[in-house]
Structures are given as structure tokens and as C-alpha cells.
Amino acid sequence: MSSTLGLFRPGTSPLHRLPAGPKLAALVVAGAGSVLVDTPVETVVALTVVLALYPLARIPGRVLLGMVRPLLWVLVPLAVFQLVVVGGSRTAVLVGVILALVLLANLVTLTTRTTDLVDVIVVMCRPLRVVGVDPLRIGLVLNLAIRCVPLVVELAGEVREAQRARGLESSPRALVVPLLVRALRRADGLGEALVARDLID
Amino acid sequence: MLIEVAGVSHTYPGREDPALLDVDVRLDEHRIGVIGANGSGKSSFARLLNGLVVPSRGTVRVGGWDTARDGRQVRRRVGFCFSDPDSQIVMPTVAEDVAFGLRRRGLSKAETTSRVAQVLRTYGLETHADHAAHQLSSGQKQLLALASVLATEPDLVVMDEPTTLLDLRNTRVVADILTSLPQQVVLVTHHLELVAGFDRVLVFDESRLVHDGLPEESVKLYRELMS
């Protein structure tokens, strides 16, 4: 079952047990190191390493496939364009590296609770205290943003249903205005709840 | 805790009509019900009790703390449960939402984990610990909202129509939890059967506290007002 944006899957694999900090650091290193990948062979090695981590995290193949499918909307047009402009070899490297990095990033979120990821960011923001930034507040904002994505999707669904019930099948104005109003109302409610729960002043 | 509401009137900014008018009441009973029509002022009254609403006139003291001056102290002792749990759940997953309030209170990670597990077990949510909050049913969301509030062990729990969005079964579940809570409870509700057996029931009408008595007589008066 997904946890937030359809990613975290609870488990006890070695990757699940690994703290969030090292996983995020590894992701950053992999991102920076990806510029060194230069040949199709190196790309295949990088992709193979990333794909091998999925069984290690005990992530089923269908989950992996489910993640690749939406990527195709970006990767296929990109591959076609690159094929025409720079040729087969560079295209394989570029598309392969992007795929490997996205799958690696997904693996981090699949095996790490959102709060653990946010906690790392909060710790990283601690030095900003000297300029008056409250790291806990940054963490709260990130968590709220993640929490609000499904809420807004749910609100959009409700508004669309109400539209259909009244025969307004494809009116963008009839979608955007009530969605905005509901979202602002929900934001008011969330603000009130944060105060009530003593999470903010 | 003693709740003292003295000479309170409140008008929301931008509104002409007051939400509350000349409310005077002292409450220290274990179970207090608040009933009244929509817009009668009962939700505003509930919001007074943890400082969410600061009165335009008069004072509200809870456990000796002035809600206008000591809002933080009051909110640490008074838990508040809203009718729409979606507005109250602030974290992405079930366990994270319960944990968040606890971590803010300075509990260690180990203490938080243990308290969260215990609270989720108490409210039958242990199998949903890692589930996304938005994937729960309405009843489960309300239980989660309640669990998150009760995990912080407040002295007083204020509930503003917690059963409005629930079916009969989940209303029963919330009612059972209400009965078993050791804390003092102020319940705002349209479900009149929930306040039967309460120590005291307040009736609001047109922004005023029009009756304050035992459940049976209060409910009778409310029905008369609505007829």
C-alpha cells in the first residue's frame, strides 16, 4: 500500500533498515556521478546495479513496471529527438542514465518513510538557524505539502463529480473556481487544526 | 479542569452579527454536552475553550489559564477534535500523524514509537500504521484524528460534532470511546442520544446560551425550540 504519493512500501529489507541520511547521500552522489557515465556499456552497468537493488528491497516487479510506464511519456519522445540529433550511442547513454536515476530516486522513497526523509532535511537546515530560519517549520511545511497532494486530488475528484451531476462535462472554469474555493477552505481548516494541536502559534 | 466563561461576546471579523452574545458559565463536570441549531454559536463556544477563538469581549479561563493570554498553555492541556478529520490530519501517514504531536512535545523517538503503537492499538488502527491517511474510510479518519489528539494526553477534550460525517456503526464506536475516556469532555453535537447520561448539557440559540441543565430537560427544550 502506498503511503503518500503512492511510493513508500513498508518492509524489513536491508534497504528499508538503512537510515534515510545515507540513502539520500547515495542518491546525491549517484546524481553527481552520472555525468561520468559516457558509454552504452557503462549505462547498462549503472542500470543493472539500480535494477538489482529492487529485489534486494523486496519490491515486486509489477511495482517497478508501474513506475517505468509513466516515464515512457517523457523518455520515448526524448529518445526519438536525441536519436535524430545526436545519434544512437549518446541517446542510449542519456535515456539510460535518466531512467537509472529516476528508478534510484524512486527506490529511496519506496524504502523510506516521508517523515524520515523530511527529518534529514530538517537536520540539514539546522545551520540556517543563525539567519532566523526554523528547521522544524521547514519540516512541517514539507510534510503538509506532501499531505495536501492527495487532498487536492480528492477535492478535484469531488468537484468533477459535482460538475458531471449537473451536466457540465468540460468546463475548466467550473472546475478551477470551486476547486480553488474548496482548497482555500481546506487550508483554513488545516491552519486551525495546526493551532489547535499546538503545532504552530 | 474548571472552565470559566465570563461575559463573553464574540463577533468574527467582517461579520455584523455576533457569533456569541453575553455567555456566562462555569463548568467543571466530567461530561458536558453542547447542543443547538446550525449557526447558534455552539461551535464558536467550543473554539473558545482552547483559544482558537479569542472573545471580542469577556474572558475565558481554562484550568486557571486565560485563553487570550496563555493560548499555548491552554492548547497543551485542551485537545480539540473537529468534525472534518481531513482538516485535522496534517501528516501523510497514520503513524506519522499520531507521532507528530508527540515529537513536538519533546518525546524521544523511542518513546514516541512506543506511544504511537499503543495508541493505534487502542483505537484499532494498528494494521493501518503505515497507510496513507487519505486512503482511510471516514470512520477510520475520525478515529485517527481522535487518536492523534488523545495521544498527547490532554486534561480536557473538546469535540466539535465528531460524528457528523460518520455512519451509525462509527458513531457508536466514537460514542464508546467517549464513554471510556478518563478525561473531561465537552461534546458539541447534533446526535442528541450521545449526550444522554452526560452530567450537564448547554443549549445555544441565536448566539446565546439559553439553557443549562440535565440532558433530558435540555434536549426537551432544544426540541421545542426546533419545532
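Keep in mind that this is a model prediction, so the values were computed, not measured. (Residues numbered from 1 in each chain as written. Chains lettered and ligands numbered in written order. Predicted model: local features only at pLDDT ≥ 70, side-chain atom pairs only at ≥ 80, totals over all residues.)

**Student:** Even after reading the chapter, I still don't get the overall build of chain A, so can you show me in this structure?
**Tutor:** Each helix and strand in chain A was counted, giving 8 helices and 0 strands. Secondary structure elements in chain A, listed N-terminal to C-terminal, are α-α-α-α-α-α-α-α. For chain A, the C-alpha radius of gyration of 21 Å lies well beyond 17 Å, the compact-globule estimate for 201 residues. For chain A, buried positions account for 18% of its 201 residues. Taking as baseline every contact in chain A between residues at least 6 positions apart, the subset at least 24 positions apart corresponds to 70%. (Helix = DSSP H or I, 4+ residues; strand = E, 2+ residues; numbered from the N terminus. Rg over C-alpha atoms; globule rule 2.2 N^0.38 Å. Buried ≥ 20, exposed ≤ 12 C-beta atoms within 10 Å, placed from the backbone. Contact = placed C-beta atoms within 7 Å.)

**Student:** Would you take a moment to explain the packing of helix H5 (residues 138–151) of chain B against helix H6 (residues 168–180) of chain B for this structure?
**Tutor:** Think of two packed helices as two axes; the pair is described by the angle between the axes and how far apart they sit. All names here are of chain B. Closest axis-to-axis distance for the H5/H6 pair is 10 Å, and the angle between their directions is 15°. By the criterion of interaxial angle, the relationship of H5 to H6 is roughly parallel. Our pair here, H5 against H6, has a crossing hand that is right-handed. Judged by residue contacts, Gly139, Gln142, Leu143 and Leu146 of H5 engage Asn170, Val173, Val174 and Ile177 from H6. Residue composition of the contact of H5 with H6, grouped by class: 5 nonpolar, 3 polar and no charged. (Axes fitted to C-alpha atoms, helices over the stretch in contact; angles between N-to-C directions. Parallel < 35°, antiparallel > 145°, perpendicular 65-115°, else oblique. Left-handed = near helix turned anticlockwise from the far one by under 90°. Nonpolar A, V, L, I, M, F, W, Y, C, P; charged D, E, K, R; others polar.)

**Student:** Looking at this model, I keep getting lost on the interface of chain B and chain A. Mind explaining?
**Tutor:** In this assembly, 22 residues from chain B lie in contact with 27 residues from chain A. Looking at side-chain class alone, the side of chain B that touches chain A contains 7 nonpolar, 7 polar and 8 charged residues.

**Student:** Mind showing me how you'd approach the nonpolar core here?
**Tutor:** General note: in soluble globular proteins, nonpolar side chains tend to be found buried as a group. Residues Val34(B), Leu49(B), Val98(B), Ala147(B), Val158(B), Val186(B) and Leu187(B) are the most contacted members of the largest nonpolar core, which totals 71 residues. Among the elements that line this core, the one with the most residues is H5(B), at 7 residues. The contacts of Val186(B), once residues within four sequence positions are left out, are Ile32(B), Val34(B), Ala46(B), Leu49(B), Leu156(B) and Val158(B). Ranked by size, the runner-up nonpolar core spans 12 residues in total, among them Tyr54(A), Ile59(A), Val97(A) and Ala100(A). (Core = buried A, V, L, I, M, F, W, Y, C linked by C-beta atoms within 7 Å.)

**Student:** In this structure, what is going on with the sheet that holds strand S1 (residues 3–10) of chain B? I would like to understand it.
**Tutor:** Hydrogen bonds between backbone groups are what pair the strands of a sheet, and the pairing can be parallel or antiparallel. Residue and element names in this part refer to chain B. As summarised here, the arrangement of the 4 strands in space is S2-S1-S4-S5, forming an open sheet in which the pairing is antiparallel. The strands lining the two open edges of the sheet, one partner per strand, are strand S2 (20–27) and strand S5 (65–66). As paired strands, strand S4 (residues 57–62) and S5 are joined by 2 bridges and run antiparallel to one another. Residue pairing for S5: Val62 is matched across the bridge by Trp65. (Pairing = 2+ DSSP bridges.)

**Student:** When you look at the domain arrangement of chain A in this model, what are you seeing that I'm missing?
**Tutor:** Often the size quoted for an interface is simply the accessible area lost on bringing the parts together. Residue and element names in this part refer to chain A. Looking at the assigned domains, one finds that chain A contains domain 1 (1–112) and domain 2 (114–201). For domain 1 and domain 2, the distance between their C-alpha centroids amounts to 28 Å. Between domain 1 and domain 2, the contact holds 8 residues from the first and 7 residues from the second. The class makeup of the residues in the side of domain 1 that touches domain 2 is 4 nonpolar, 4 polar and no charged. (Domains from an automatic or database assignment.)

**Student:** When you look at the pairing of strand S8 (residues 184–188) of chain B in this model, what are you seeing that I'm missing?
**Tutor:** Along a regular strand, successive side chains alternate from one face of the sheet to the other. Residues and elements named next belong to chain B. In terms of residue burial, S8 counts as a mostly covered element, since 5 of its 5 residues are buried. Sheet topology note: the strand S3 (residues 31–36)/S8 ladder contains 4 bridges and is parallel. Bridge assignment links Gly33 to a residue of S8, and that residue is Leu187. Pairing geometry for strand S7 (residues 156–160) and S8, over 5 bridges, is parallel. If you follow Val158 over to S8, its bridge partner there is Val186. After leaving S7, the chain enters H6 and then returns to the sheet as S8, a path that is right-handed. (Right-handed = clockwise from strand over helix to strand, strands pointing away.)

**Student:** What exactly am I supposed to notice about the environment of Leu65(A) here?
**Tutor:** In this fold, Leu65(A) is placed in helix H4 (residues 61–85). Residues Leu65(A) and Leu142(A), 77 residues apart in the sequence, show an inter-C-alpha distance of 28 Å.

**Student:** Please clarify how helix H7 (residues 215–226) of chain B should be interpreted in this entry.
**Tutor:** Side chains that are three or four residues apart share a direction in an α-helix, a result of its 3.6 residues per turn. Residues and elements named next belong to chain B. Taking 1.5 Å per residue, 12 residues should reach 16 Å; H7 reaches 16 Å between its end C-alpha atoms and fits that length. For H7, the set of buried residues is Pro215, Ser218, Val219 and Tyr222. Within H7, the buried residues cover an arc of 95° as seen down the axis, which keeps them to one side. Facing away from the buried side of H7 by over 90 degrees, the exposed positions are Glu216 and Glu224. In the core, the buried residues of H7 are packed alongside S3, strand S9 (200–205) and strand S10 (208–213). (Expected span 1.5 Å × (residues − 1). Arc of directions from axis to C-beta.)

**Student:** Would you mind showing me how to read the sheet that holds S10(B) here?
**Tutor:** All names here are of chain B. Across the sheet, 6 strands lie side by side as S6-S7-S8-S3-S9-S10; this open sheet has mixed pairing. Bordering the open sheet on either side are strand S6 (78–81) and S10, each of which pairs with just one other strand. Between one strand axis and the next, the sheet turns by 15° as a mean value, whatever way the strands run. Where S6 and S7 come together, 4 bridges link them in parallel fashion. Bridging across to S7, Gly79 finds its partner in Val157. Lying on the sheet, H7 is in contact with S3, S9 and S10; it crosses S9 at an angle near 15°.

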